[in-house]
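Spelled out, the chains give:
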Amino acid sequence: MSDHNSAIKRMPTPLSMSRSGLAWGLLGVAAFSFTVPFTRVAVESMSPLFIGSGRAVIATVLAAAALFITRQHLPRGIQWFRLAIVASGVVVGFPLLTSFALTTASASHSAMVIALLPAATAVMAAHRGKERPPLPFWIMAFVGTLVAVAFASIQGGGSIRLEWADLLLFGAVMAAAIGYAEGGLLAREMGSWQTVSWALILASPLMVTLTTIAIVYQPPTGTPTQWAAFAYLGVVSMFLGFFAWYRGLAIGPMAQVSQVQLTQPVLSILWAALILREQLTWQTIIGGLAVILCAGIAVRTRLNGSPLTRAAASNEAPADVSRSTVGP
């Protein structure tokens, strides 16, 4: 009886899926929106291998400290394998692939390709999370993706021809989508910051090795601005941003929350205009508003699904998200 009562006491307060998940997701997207322009700043003087791996090393130091201070339990059994999937996607795949792509691609052009990420994440989330968004949601997600790509293409000069950097960016999109979906599910069991922290720890031997190789091959140098951009990539893009993003995905439904990513290319191009002096036109402003509108409609469509869909979504609310010793 005491065990039963103890279990009842640990039950968290239900989270509002219409607000909490979206709010945390938007916060994560806002943090990630600086990744492309700041990577573009850093690769001007640092090797892409150093940036892609070194940022993970910085985040790993922070993750190890957080796990040690809060005395988190080790992951169990299959969780290690699932963490390996998360690490492969968001710790290794996305950072390295985007870093190499941005040595030649502009921040605006890269944002055009990364605009495919919300749709890719929604597909992976629906597959892994067994979510069944209604048809209007998929239609609006597809329309939103097309608008986001068109918007970023206009900002990039209207060119949509594929180059080798685009292949790297497509690979980065797939890696991130898989890592986001698996990480969102795992965050329901382990907590949002714990998930990214253990993924960083798991990938640390590889990333430390790659960072060492990068330093030996091409010792990093840069201006204070470039080092500040690199620090942001390590502290925020690789660590703190995932606190909010995985929490939002865990609250879910993941397919719905993933659509707030449609605002990321808008923000990234805005930051590129302000930081990198890339051109910003009135067409860009109109396109950005259209992208945000599509994201809002997609989310609204998911929220206004059938009663059965809403009931199923409510049952997906994570029981463990609020259980973290220290969490966002």
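Please read all numbers here as calculations on a predicted model, not as lab measurements.

Participant: Can you help me understand the overall build of the protein in this one?
Facilitator: When helices and strands are counted, the protein shows 15 helices and 0 strands. Every one of the 328 residues in the protein was classed for burial, and the buried ones make up 54%. A separation of at least 24 residues holds for 92% of the contacts in the protein among residues at least 6 apart in sequence. Total accessible area on the protein is roughly 14,400 Å²; 69% of this is exposed by carbon and sulfur atoms.

Participant: So what exactly am I meant to see when it comes to the packing of helix H5 (residues 78-101) against helix H9 (residues 164-190) here?
Facilitator: Helix-helix packing is characterised by the crossing angle of the two axes and by the distance between the axes. Where H5 contacts H9, the two axes come as close as 7 Å, and the packing angle between them is 150°. Relative to H9, the element H5 lies roughly antiparallel. Handedness of the crossing formed by H5 with H9: left-handed. Of the residues assigned to the contact of H5 with H9, the class counts are 20 nonpolar, 7 polar and 3 charged.

Participant: How should I be thinking about unusual backbone geometry in this particular structure?
Facilitator: Keep in mind that most residues, glycine aside, have a negative phi and that most peptide bonds are trans. In the Ramachandran plot, Arg71 falls in the positive-phi region, its phi being about 55° despite a non-glycine side chain. Counting through the fold element by element, Arg71 comes out in the loop between helix H4 (48-69) and H5. A relative accessible area of 72% places Arg71 in the exposed class.

Participant: In this structure, what is going on with the UniProt feature "transmembrane region" (unreviewed entry) in the protein? I would like to understand it.
Facilitator: Residues given the UniProt feature "transmembrane region" (unreviewed entry) here are residues 21-43, 49-69, 81-101, 107-125, 137-155, 167-186, 198-217 and 229-246. Spanning residues 21-43, this segment combines 87% helix with 0% strand, and its end C-alpha atoms are found 34 Å apart. Helix makes up 100% of residues 81-101 and strand makes up 0%, while its end C-alpha atoms are separated by 28 Å.

Participant: Would you mind showing me how to read helix H10 (residues 192-217) here?
Facilitator: In an α-helix, one turn spans 3.6 residues, which is why side chains three or four residues apart end up on the same side. The end-to-end C-alpha distance of H10 is 35 Å, a good match for the 38 Å that 26 residues give at a rise of 1.5 Å each. The largest bend along H10 measures about 55° and falls at Ser204, with the proline Pro205 one to four residues further on.

Participant: Quick question: what am I supposed to make of the pattern of salt bridges here?
Facilitator: Opposite charge on two side chains permits pairing when their charged atoms draw close. Per the counting criterion, the structure on display carries 2 salt bridges. Notably, a salt bridge pairs Glu182 with Arg82, separated by 2.8 Å at the nearest N-O pair. With Glu182 in helix H9 and Arg82 in helix H5, this pair connects stretches of sequence that are 100 residues apart. With respect to burial, Glu182 and Arg82 carry one shared label: buried. Between Arg82 and Glu189 there is a salt bridge whose closest N-O contact spans 2.7 Å. One end of the pair, Arg82, is in helix H5; the other, Glu189, is in helix H9, and 107 residues separate them in sequence.

Participant: What should I look at first to understand the packing of aromatic side chains in this one?
Facilitator: Aromatic ring pairs are described here by two measures, namely the spacing of the ring centres and the angle between the planes. If you walk through the whole model with that rule in mind, you get 16 aromatic pairs. Here Trp193 and Phe243 contribute two aromatic rings whose centre-to-centre distance is 6.3 Å and whose plane-to-plane angle is 40°, an arrangement assigned as tilted. A residue pair is termed long-range when its members are at least 10 positions apart, and Trp193 in helix H10 and Phe243 in helix H11 (residues 224-251) qualify at 50 residues. A single burial state applies to Trp193 and to Phe243, both of which are buried. One aromatic cluster in this structure is built from Phe32, Tyr180, Phe242, Trp245 and Tyr246.

Participant: How should a nonpolar patch on the surface be read in this particular structure?
Facilitator: Together, Leu135, Ile139, Phe142, Val143 and Leu146 make up an exposed nonpolar region whose accessible area comes to about 490 Å². Structurally, Leu146 is set in helix H8 (residues 135-155).

Participant: Looking at this structure, how should I read H9?
Facilitator: Counted at 1.5 Å a residue, the expected span for H9 with its 27 residues is 39 Å, and the 38 Å between its end C-alpha atoms agrees. Where burial is concerned, most of H9 is hidden: 20 out of the 27 residues are buried. Looking one or two places after H9, you find Gly191, whose phi comes out positive at around 100°.

Participant: Can you help me understand the packing of helix H3 (residues 35-42) against helix H13 (residues 263-275) in this one?
Facilitator: Two numbers describe how H3 lies on H13: the axes approach to 8 Å, and their chain directions differ by 40°. On H13, the residues that touch Pro37, Phe38 and Val41 of H3 are Ser268, Trp271, Ala272 and Ile275. Class assignment for the residues of the contact of H3 with H13 results in 6 nonpolar, 1 polar and no charged.

Participant: How do you make sense of the environment of Trp245 when you look at a structure like this?
Facilitator: Residue position: Trp245 is located in helix H11. Taking the C-alpha atoms as reference points, Trp245 and Trp193, separated by 52 residues in sequence, lie 9.5 Å from one another. Apart from residues lying up to four places away in sequence, Trp245 is in contact with Trp24, Gly25, Gly28, Val29, Phe32, Tyr180, Val257, Ser258, Val260 and Gln261.

Reading the values: the criteria
- Residues numbered from 1 in each chain as written.
- Predicted model: local features only at pLDDT ≥ 70, side-chain atom pairs only at ≥ 80, totals over all residues.
- Heavy atoms only, no water.
- Helix = DSSP H or I, 4+ residues; strand = E, 2+ residues; numbered from the N terminus.
- Buried < 20%, exposed > 50% of the residue type's maximum accessible area, 1.4 Å probe, protein only.
- Contact = heavy atoms within 4.5 Å.
- Areas by Shrake-Rupley, 256 points an atom, 1.4 Å probe, with all protein chains shown as cover.
- Axes fitted to C-alpha atoms, helices over the stretch in contact; angles between N-to-C directions.
- Parallel < 35°, antiparallel > 145°, perpendicular 65-115°, else oblique.
- Left-handed = near helix turned anticlockwise from the far one by under 90°.
- Nonpolar A, V, L, I, M, F, W, Y, C, P; charged D, E, K, R; others polar.
- UniProt positions renumbered as here; feature names shortened; annotations may be inferred.
- Expected span 1.5 Å × (residues − 1).
- Bend = angle between axes of the 7 residues up to and from the residue.
- Salt bridge = Lys/Arg side-chain N within 4 Å of Asp/Glu carboxyl O.
- Phe/Tyr/Trp six-rings, centres within 6.5 Å; stacked < 30°, edge-to-face > 60°.
- Patch = residues over 30% accessible without salt bridge, like charges linked within 9 Å, V, L, I, M, F, W, Y side chains within 5 Å.

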